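Residue-level listing of the chains:
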Amino acid sequence: MHYGFFILVFLLSFNAIANESVHDLPPIVVTEQEGFREVEKITSSHNIIFDEEVIENSTAETLSDFLQQMGFAVIPGATPYETTTITIRGYDNGHHWNESSSRIIFLINGRRSGVNDIRQLALNNVERIEVIRGPEMYKYSAGSPGGIVNIITKRGGKNVLSGSLEAGVGSYDQRKGQLALNGTASGFDYSLSYRYETVNDYKDGKGNKVTNSGFDSINAFNGRLGYTLPDNNHKLGIEYYYYNVDDAHKPQYWDEEEGVLKDPSIVDRKTYLAAITYDGTTSDRSFNWTASYSISQDEYISINNPSRRYDQYWMGNKIETNQARAGVNYIGDLFDFSVGADYIKYKTHNSGTPKPQFGWLEGYPLHLGHTTANMGLYTLGTLKLPKEKLSFTGGLRWEYARIQDKHTGDEPWWDGRKDPWYGDDTNENMPTKRTFDYLSPSIGATYLPFDWLKLRANYVRGFRAPGGRQLFSSDETEGYGAPGYPLLKAEKSDNYEAGFDVNWNHADFSLTYFYSKFKNHITIRGIQYPTGLGPSAQNADERIQSGIEVGGSINLANLAGFKDFEFRPYANITYMIKYDELFMRGFDGSQLSNPSYAGEWAVINSIPEYSASYGIRFYHFGWGTAVNLNLFYFGETWTGSSPGNYNPNLWSTYGKFNIANLSISQSLYKFSGGSDVTLKLHINNLFDKAYNYSANANDVLYNGRNFYLGMSFNF
């Protein structure tokens, strides 16, 4: 990317100012309303919607950064290439898992993104972000009761052509440019967005340069094209998402799971999702239906020797996904009803450091390791009693999974390693294909004693079959350090939620208690046997995670009678009351050379006791001034890296830090046609905090205070 893109934005902006006479615009007055929207009245779970204003007034550029700033338990990597681990109500996406093994599903416009690393999900061209729980989750999965995250991208606007141009610079030689276009004409609507960014090595909170931490470029594209038939009841669409991180320089870092320092390297990441869609509705809008087919790919390549970039993969992972969805909804006065089906197939390609004992030369390429196919059928209904004070929701989801190993012979059960653990289940005695199916029920209820107060409760039966990575992966040729286990059982969980919401004309508030109890939770644990120790995917006997979510905001300006600006303090807190796991019930680990926690209840690693987001948002409607001071808190977190993974006496903690981010945007000039020029300032880690997500002193520290200054021309 050349500087011409950035220069173009400034030339267009100031050229428009030079040719436009001044027009003073009247102040805009916003009146807040009391009560819940119709769809909110019957929602029995604590679903969350972040609108476009909240997204744009954050400093976040990816879903990882945004959810972190909204108070979720996010453990991001120090650089843009790195996989992000996120935990919602104790459910996690796993550091080494892919989407087929994740307990949190990330959607783009209601379809699985095929992505498990939310650093690969950019926020340019995003209209809103939803966190979906409770019975509504069954439209997408039965395995994500903690929350399904749905990114909704923008559609075409009301005009033939509108959009924005933005360019800016920042710390560490950062350069960023963005172009967005959208419009509607003759039944067609479109929305397009492209972002480019580059940055050099960063400095940590102590002012030290972190060597090998920049990246050559990030290219992000998001497009949505639709055509609505003349009767306005049918719409065809095409969607495309692309995100590419090129030559991300990965510094030396501490691997919490393996307990070792990893050498510097270079990483490439590439993600795309393409979909064709159809939406229809009856003339009275009582029935609507949707269907889609999509393909996606998520690829990760790590290169230790840049001089041999094109003839060897030191570690790689590529997920190819095919997906089809269809659903029908009925919306009535007395009840709502939905039925639907979805099918998704994953092809997982892997490569680790080539192993001579398998006869593979250095440079062995990515190979097909396993396939995972999931099919789901769901039905969901809501009974709305008169005056919409009381409603009941019930749902069922049936899921079927088929997982097949496509590359046998290099797993530990084939070459005789760890026999005391696998017993007689070695070589051909291990299955190479597994199937699972289950019918999950859900029920929920809401009651509104007042228009501004909603009481709610729900129960969800969770089910998740193990993915191919968890069943059939190799620790020899896939570069993860822990093999799968073909005899794993499917996870089942009972999930309860109860709480209330307040929606007053000046304020909103919610409180939720949640409780989940697992059977057969799948995790990586040390194989416990007298002759040695080694990690492997295994089932835990039981797991319990419970806690409280509380959050809200209040517009103090409106409360005081000021209508032309907003001054809103806000806070969201998650407190984990219990997060414990029982592994290998009855096992006596004290006889081992490295004492083990197996056989006893133990705290679950990598879940913070508290996570929170709080701050103040200010917006003046007449001036076009927006300010958001956001702080997120990451609480004390236990870690059990090797060898502490086996000996509780060696466990340690990290966390307990606050990070502040400041976002300011100011409209510099408003044109008579509605266009304007806006200046943006983002400051991350405002107080230059030195922090990381590791208990190891050798681990890399994260970014110190850094800024971005940009100008956009909005037309």
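This text goes with the structure placed above it.
Owing to the predicted nature of the structure, the values given are computational and were not obtained by experimental measurement.

Student: Whenever I open this one, the overall build of the protein confuses me. Can you help?
Tutor: Counting its secondary structure elements, the protein contains seven helices and 37 strands. When each of the 715 residues of the protein is scored for burial, the buried share is 58%. For the protein, the share of sequence-separated contacts (at least 6 apart) that also reach a separation of at least 24 residues comes to 68%. When the accessible surface of the protein is split by element, carbon and sulfur atoms take 56% of a total near 29,100 Å².

Student: Would you mind going over the environment of Y190 with me for this structure?
Tutor: Position of Y190 relative to the elements: it lies in strand β11 (residues 188-199). Along the chain, Y190 and L161 lie 29 residues apart, while their C-alpha atoms are 9.4 Å from each other.

Student: Even after reading the chapter, I still don't get the sheet that holds strand β4 (residues 91-92), so can you show me in this structure?
Tutor: By way of backbone hydrogen bonds, the strands of a sheet pair with one another, either parallel or antiparallel. If you walk across this open sheet you meet the three strands as β2-β3-β4, and the pairing is antiparallel. At either end of the open sheet lies a strand with only one pairing partner, and these are β2 (73-75) and β4. Two strands pair when backbone bridges link them, and strand β3 (residues 85-88) and β4 are joined in this way by two bridges, in the antiparallel orientation. Bridge pairing links T87 to D92 in β4.

Student: What am I meant to see in the sheet that holds strand β8 (residues 148-153) here?
Tutor: Taken in spatial order, the five strands of this open sheet run β1-β7-β8-β5-β6, and their pairing is mixed. The open sheet has two edge strands, β1 (48-50) and β6 (111-112), and neither has a second partner.

Student: Looking at this structure, how should I read empty space enclosed by the protein?
Tutor: In this approach a probe as big as a water molecule rolls over the atoms, and the regions it shows empty are the leftover space. Throughout the structure, instances matching the rule amount to eight cavities of 30 Å³ or more. Of the volumes computed, that of the largest cavity is approximately 780 Å³. What lines the largest cavity is a set of 38 residues, and nearest its centre among them are D65, R119, N684, N703 and N706. Counting only elements with at least two residues in the lining of the largest cavity, the list comes to α4 (63-69), β11, β12 (215-228), β35 (657-670), β36 (676-684) and β37 (706-714). When the residues that make up the lining of the largest cavity are grouped by side-chain class, the tally is 16 nonpolar, 17 polar and five charged. Taken as a whole, the second largest cavity holds about 220 Å³ of empty space. The wall of the second largest cavity is formed by 25 residues, among which R112, N374, E399, R464 and A465 lie closest to the centre. Looking at the lining of the second largest cavity, its residues break down into 10 nonpolar, nine polar and six charged.

Student: What is the right way to read unusual backbone geometry from this model?
Tutor: Leaving glycine out, the prevailing phi sign among residues is negative, and the prevailing peptide bond configuration is trans. Here the phi dihedral of S186 falls at roughly 55°; this positive angle occurs in a residue that is not glycine. Along the chain, S186 turns up in the loop between β10 (174-185) and β11. Residue classification places S186 among the exposed positions, given a relative accessible area of 71%. The phi dihedral of S606 is positive, around 70°, even though this residue is not glycine. Among the structural elements, S606 can be located in the loop between β30 (601-603) and β31 (610-620).

Student: Would you take a moment to explain the packing of aromatic side chains for this structure?
Tutor: For any two aromatic rings, the description comes down to two numbers: the centre-to-centre distance and the angle of the planes. Following the criterion strictly, the structure yields 29 aromatic pairs and no others. Centroid distance F450 to W452: 5.2 Å. Interplanar angle 5°. Geometry classified as stacked. Note on Y619 and F621: the rings are 5.2 Å apart at their centroids and 70° apart in plane angle, and the pair reads as edge-to-face. A relative accessible area of 14% places F621 in the buried class. Of the aromatic side chains, those joined through ring pairs into one cluster are F634, Y654, F657, Y691, Y693 and Y702. In this arrangement the basic side chain of K176 is found over the ring face of Y708, its NZ or CZ atom lying 4.2 Å from the centre. Over the face of the ring belonging to F518 we find R543, whose NZ or CZ atom lies 5.9 Å from the ring centre.

Rules of the game
Residues numbered from 1 in each chain as written. Predicted model: local features only at pLDDT ≥ 70, side-chain atom pairs only at ≥ 80, totals over all residues. Heavy atoms only, no water. Helix = DSSP H or I, 4+ residues; strand = E, 2+ residues; numbered from the N terminus. Buried < 20%, exposed > 50% of the residue type's maximum accessible area, 1.4 Å probe, protein only. Contact = heavy atoms within 4.5 Å. Areas by Shrake-Rupley, 256 points an atom, 1.4 Å probe, with all protein chains shown as cover. Pairing = 2+ DSSP bridges. 1 Å grid on protein atoms, 1.4 Å probe; cavity = no way out; pocket = protein on both sides within 12 Å on 5 of 7 lines; lining within 4 Å. Points joined across faces, edges and corners; volume = space filled by probe spheres on them. Nonpolar A, V, L, I, M, F, W, Y, C, P; charged D, E, K, R; others polar. Phe/Tyr/Trp six-rings, centres within 6.5 Å; stacked < 30°, edge-to-face > 60°. Lys NZ or Arg CZ within 6 Å of the ring centre and 35° of its normal.

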